[in-house]
Amino acid sequence: MSVAIKNMDKAILKHLRDWFRKSAADLPWRLSDLDAPRDPYAVWISETMLQQTQVSTVRDYFVRWMKRFPDIETLAAADENEVFRYWQGLGYYSRARNILKTAKIINQQKMDGSRRLRLQDDNKATMPTTRKELEALPGIGAYTAGAILSLAYHQQEAILDGNLVRIFSRLYALDFLPTESKDALKTYWDYAREIADSPKAYIHNEALMELGRTVCKIKNPDCASCPFQKVCRAALENRTAEFPPSKKHIQKDWHGTVLVIESSDHKILAIHGGQKFFKNQFTLPHFESQRNATAGIPAQAETYFNTDLVTSVQCIGKFKHNITVHKMECDVLHIQLRSKAPVRNHSAKTAHEIQWIKREEAQEFFANSFCLKALALL
Ligand code: SF4
C-alpha cells in the first residue's frame, strides 16, 4: 500500500500559492493579509464549525459566536445551554460540548499556572503551541491541531481532511481511502506533510482547503482552473470521476418515540441524562420503539410520573431527523397530566435530572433541532 513520495515540485507549490492569492474568498475568519498569523482561538472555532458543515452555513454562525464569545475566558465562563444555542443548526453537538470543555481546561490551566501557557499581549489565554498538547484536548484531532499550528503559529505542520484526501487521491491516482488501513492513512499524511514541509505551510494548507472546496469539487472538478492541472494524474488521464474511490455508506434506521409531557400549569418536562441521544444536555424524553406501536402510555414514560395523573395521551405527529449514522423517524406523543409541575425534581435512582419548562419558553430552552421538531407539532 505504501506509495513512494516524490518531491512536490517547488514551481507547482508556487502556482498553488499564486492561485490562492488571486482566488482566496473573503471569509470572516480569514485576514485580508494572507501572510499574517491568525488568532489561534478563531482558527480553532472556525475549523471545528467547518467540520461536516458548509462554509456558507458557518459564516454567520462564526460571526455571531465571536461576537458573544470573543475569547477563551468568555467562552469558559458560559453556560452549556447558551453555548448549544449558539451552535443550534450546525449539528453534531458533541463538537460544541468539546469546545466548551476545552475552553474550561485552558482557562483553568491559566488560572493554576499549571502549564507553560502562551498568553496574548493582553494576558488572555490562548491555544497550546504543540501538536501533542493540542491533540490531548477534547475535540481537537490531527486536522484541527495542524490547522491551528500552521495558520496561527506558522509552524510547518500538515492538515488532512476530506477535501485534501480528494485532492491527493486525484493528484497521485490513489485508488484507496485513508480509512482502509494504517498504511493507507500514513500515505495520505505523508503527502500532506510533504506540502507542509515549507515555511509557507500556512498558505499551502489554506490553499488546499480552498482548492478542495471551490475547484477540486466532488463532482465535476474544474481542472482548467487548477494549479495542479499539469501534474495531476487523474486529470491527465481523464479519470477524475474514479478518484477518490467510493466508500460504502452505512446508515442505520432508528425508529423512536419522543414524549412531550405537559403539566396542568402548561409546563413541559425536560430531562438531562439517561437518554439515547443528547446525553449531556436537556432534551425531551425519547426511546427506541416499534413503528405503529400500540396506543396508550408507554412503559418508559412511567419513569417520569404517576400514570394515575394522566388525563390524555395523543400521538400528535411524526418527524424525521438524522443524528450521526442514525436515520431517524420519531412519533411524538403528547401526554397531558392533571397535576401542576413540581418546582424541581432530581432523580438519584435513574441518574437523570428533570426540569419543568414553561410551554412558551420551551422553544428557547431546548438547544437542539430534534426537540424543536417535536415541539413544533404541539
Ligand atoms: S487537476 Fe482537477 S482533479 Fe486534479 S487536483 Fe486539480 S481540480 Fe482536482
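Just so you know, these numbers come straight off a predicted model, no measurement behind them.

Reading the values: rules and limits
Sequence order as written defines residue numbering, which begins from 1 separately in each chain. With the structure being a predicted model, the display of local features is reserved for residues of pLDDT at least 70 and the display and counting of side-chain atom pairs for 80 or more, all residues being used for whole-chain, interface and lining totals. Think of the side-chain values as coming from all heavy atoms in the structure, minus any hydrogens and water. Domain delimitation in this document rests on an assignment produced automatically or drawn from a domain database. Whether two residues are in contact is decided by their heavy atoms: any pair within 4.5 Å suffices. Values labelled buried area give the accessible surface lost by two parts on being combined, using a 1.4 Å probe and summing over both. Note on ring pairs: Phe, Tyr and Trp rings are taken, using the six-membered ring of Trp, and paired if centres are within 6.5 Å. Classes follow the plane angle, with under 30 degrees stacked, over 60 edge-to-face and the rest tilted. Put simply, DSSP H or I for four residues or longer makes a helix, DSSP E for two residues or longer makes a strand, and each gets a number counted from the N terminus. Burial classes: relative accessible area under 20% of the type maximum marks a residue as buried, over 50% as exposed, and values in between as partly exposed (1.4 Å probe, protein chains only). Counting as a charge over the ring demands two things of the Lys NZ or Arg CZ atom: a distance within 6 Å of the ring centre and an angle within 35 degrees of the ring normal. Two strands pair under a simple rule: DSSP has to find at least two bridges between them. Here, nonpolar core refers to any group of buried Ala, Val, Leu, Ile, Met, Phe, Trp, Tyr and Cys residues whose side-chain atoms link them within 4.5 Å. Any helix carries an expected span of 1.5 Å times its number of residues minus one. Here the arc refers to the directions that run from the helix axis out to each C-beta atom. In the analysis that follows, any N or O atom pair within 3.5 Å is treated as a polar contact, provided that within protein one partner can donate a hydrogen and the other can accept it, and provided that, for residues neighboring in sequence, both atoms belong to side chains. For each residue, the test is whether any non-hydrogen atom lies within 4 Å of the molecule or strand; if one does, the residue is near. Just so you know the grouping, Ala, Val, Leu, Ile, Met, Phe, Trp, Tyr, Cys and Pro go in nonpolar, Asp, Glu, Lys and Arg go in charged, and all remaining residues, Gly too, go in polar.

A. Up close: the domain arrangement of the protein. Split by domain assignment, the protein resolves into domain 1 (10–242) and domain 2 (252–375). Look at where the C-alpha atoms of domain 1 and domain 2 centre, and you get two points 37 Å apart. Taken together, the contacts link eight residues of domain 1 with twelve residues of domain 2. Counting each side, the surface lost to burial between domain 1 and domain 2 is near 860 Å², with a carbon and sulfur contribution of 48%.

B. Looking closely at the packing of aromatic side chains. In the structure shown here, the tally under the stated rule is 17 aromatic pairs. A centroid spacing of 5.1 Å and a plane angle of 80° characterise the contact between Trp-254 and Phe-277, whose relative ring orientation is edge-to-face. One end of the pair, Trp-254, is in strand E1 (residues 252–262); the other, Phe-277, is in the loop between strand E2 (267–272) and strand E3 (282–283), and 23 residues separate them in sequence. Taking the relative accessible area as the measure of exposure, Trp-254 reaches 4% and is therefore buried. Given a relative accessible area of 7%, Phe-277 falls into the buried group. Within the aromatic cluster, the residues linked to one another by ring pairs are Phe-84, Tyr-93, Phe-278, Phe-319 and Phe-370. Positioned over the ring face of Tyr-61 is Arg-64, at 5.1 Å from the centre of the ring.

C. Spotlight on the pairing of strand E6 (residues 326–337). By the criterion of burial, E6 is predominantly enclosed, with eleven of the twelve residues buried. When E1 meets E6, the two strands line up parallel, connected through eleven bridges. Within E6, the residue paired with His-255 across the bridge is Glu-329. Pairing between strand E5 (residues 310–323) and E6: twelve bridges, direction antiparallel. Across the sheet, the residue bridging to Ser-312 is Gln-336, located in E6.

D. Region of interest: the nonpolar core. Grouped together as the largest cluster of nonpolar side chains are 106 residues, with contacts concentrated most on Trp-44, Trp-65, Leu-75, Phe-168 and Phe-228. Each of two domains, domain 1 (10–242) and domain 2 (252–375), supplies a minimum of three residues to this core. Aside from chain neighbours lying at most four places away, what touches Trp-44 is Leu-75, Ile-99, Thr-102, Ala-103, Met-127, Ile-140, Thr-144 and Ile-148. By size, the runner-up hydrophobic cluster in this structure holds 15 residues, among which are Ile-261, Ala-301, Val-310 and Trp-356.

E. Geometry of helix H1 (residues 10–23). Helix length check: H1 (14 residues) gives 20 Å between terminal C-alpha atoms against 20 Å at 1.5 Å per residue, within 8%. Of all the residues in H1, the buried ones are Ile-12, Leu-13, Leu-16, Arg-17, Trp-19 and Phe-20. The buried residues of H1 occupy one face: seen down the axis, they fall within an arc of 160°. Of the residues in H1, the exposed ones pointing more than 90 degrees away from the buried face are Lys-10 and Lys-22. Lining the buried residues of H1 we find helix H10 (182–196) and helix H11 (201–214). The opening residue of H1 is Asp-9, an N-cap whose side-chain oxygen sits 2.8 Å from the backbone nitrogen of Ala-11.

F. Spotlight on the site of the ligand. Around the ligand, a shell composed of Arg-170, Val-215, Cys-216, Pro-221, Cys-223, Cys-226, Gln-229, Cys-232, Ala-235 and Thr-240 is seen. A class-by-class count of the residues in the shell around the ligand yields seven nonpolar, two polar and one charged.

G. Representation of the environment of Phe-305 within the structure. Looking at where Phe-305 falls in the secondary structure, it is placed in the loop between strand E4 (286–288) and E5. By relative accessible area, which is 8% here, Phe-305 ends up buried. It is 30 Å that separates the C-alpha atoms of Phe-305 and Gln-88, two residues lying 217 residues apart in sequence. With residues near it in sequence (within four places) discarded, Phe-305 still touches Ile-261, Ile-297, Val-310, Ile-335 and Leu-337.

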